[in-house]
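Commentary on secondary and tertiary structure
Here is what each chain is made of, one letter per residue.
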Amino acid sequence: MASNRHLGRIVALQTLYEYDFRISSTDQSVELDEILKRNISRYKETIDDKKFINDLVHGTEDNSKKLDGVIGPIAPEWPVDQIARIDKIVLRIALYELLIDDDVPPKVVINEAVELAKAFGGDNSSKFINGVLGTAYKQKLEGKKPRKSAAKKKSSTKKKTAPKKVKKKTTKKAKK
């Protein structure tokens, strides 16, 4: 089933890539469901979980503005509109799974995204994707951790004493 989901992510990536490209080319006839249906039909013998792909494509596209808003602060050197299209879509898919859908373990999401970047992106895409998703995951974890208040922190801190240094006895041999 895992490889089936990997193929599903590839189909989702291809679908969203074509859709994004045609939208940016001001193609008035573009329909996401039409592209999705065509791409799924190419792999109809291999893909079992069509619902997974459908949910992934529509969830990613429906939340694309929100996901781009997450990417911006994490990768400030790269404005979203300057990120390579394939990298941007891989990031959107992974961030959707990581932050919104939350059905797949985070390490799996990040690993899948890195593999997609290696297969379809540029030379440094996988490192870029890994860095952005690692930061997003870290921020997600930090958002869940309760912070200790300063007063509570002070009262729980005990004065630590440094261990005493032990001197080694050295013997000097007399020269003859």
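Residues numbered from 1 in each chain as written. Predicted model: local features only at pLDDT ≥ 70, side-chain atom pairs only at ≥ 80, totals over all residues. Heavy atoms only, no water.

Observations concerning the confidence of the model for the chain
Any segment with low pLDDT has predicted coordinates that should not be analysed in fine detail. Of the residues in the chain, 80% have a pLDDT of 70 or more, and the chain-wide mean is 85. With pLDDT under 50 throughout, residues 146–176 is counted as low confidence; its partners more than four residues away or in other chains account for 0 contacts. (pLDDT = per-residue confidence, 0-100. Contact = heavy atoms within 4.5 Å.)

Examining the environment of Asp-62
Among the secondary structure elements, Asp-62 is positioned in helix α3 (residues 50–62). Sequence separation between Asp-62 and Tyr-96 is 34 residues; the distance between their C-alpha atoms is 9.9 Å. (Helix = DSSP H or I, 4+ residues; strand = E, 2+ residues; numbered from the N terminus.)

Topic: empty space enclosed by the protein
What the rule picks out here adds up to 2 cavities of 30 Å³ or more. Considering only enclosed or pocket space, the largest cavity measures out at about 50 Å³ in volume. In the lining of the largest cavity, the residues fall into 3 nonpolar, 1 polar and 3 charged. Roughly 30 Å³ of volume is contained in the second largest cavity. As for the second largest cavity, its lining consists of Arg-9, Val-90, Ile-93, Ala-94, Glu-97, Val-109, Glu-112, Ala-113 and Leu-116. Of all the secondary-structure elements, those providing two or more residues to the lining of the second largest cavity are α5 (85–101) and α6 (106–120). (1 Å grid on protein atoms, 1.4 Å probe; cavity = no way out; pocket = protein on both sides within 12 Å on 5 of 7 lines; lining within 4 Å. Points joined across faces, edges and corners; volume = space filled by probe spheres on them. Nonpolar A, V, L, I, M, F, W, Y, C, P; charged D, E, K, R; others polar.)

Some details on α3
Taking 1.5 Å of rise per residue, the 13 residues of α3 would be expected to cover 18 Å, and the 18 Å separating its terminal C-alpha atoms lies within 8% of that figure. Looking only at α3, the buried set comprises Phe-52, Ile-53, Leu-56, Val-57, Gly-59 and Thr-60. (Expected span 1.5 Å × (residues − 1). Buried < 20%, exposed > 50% of the residue type's maximum accessible area, 1.4 Å probe, protein only.)

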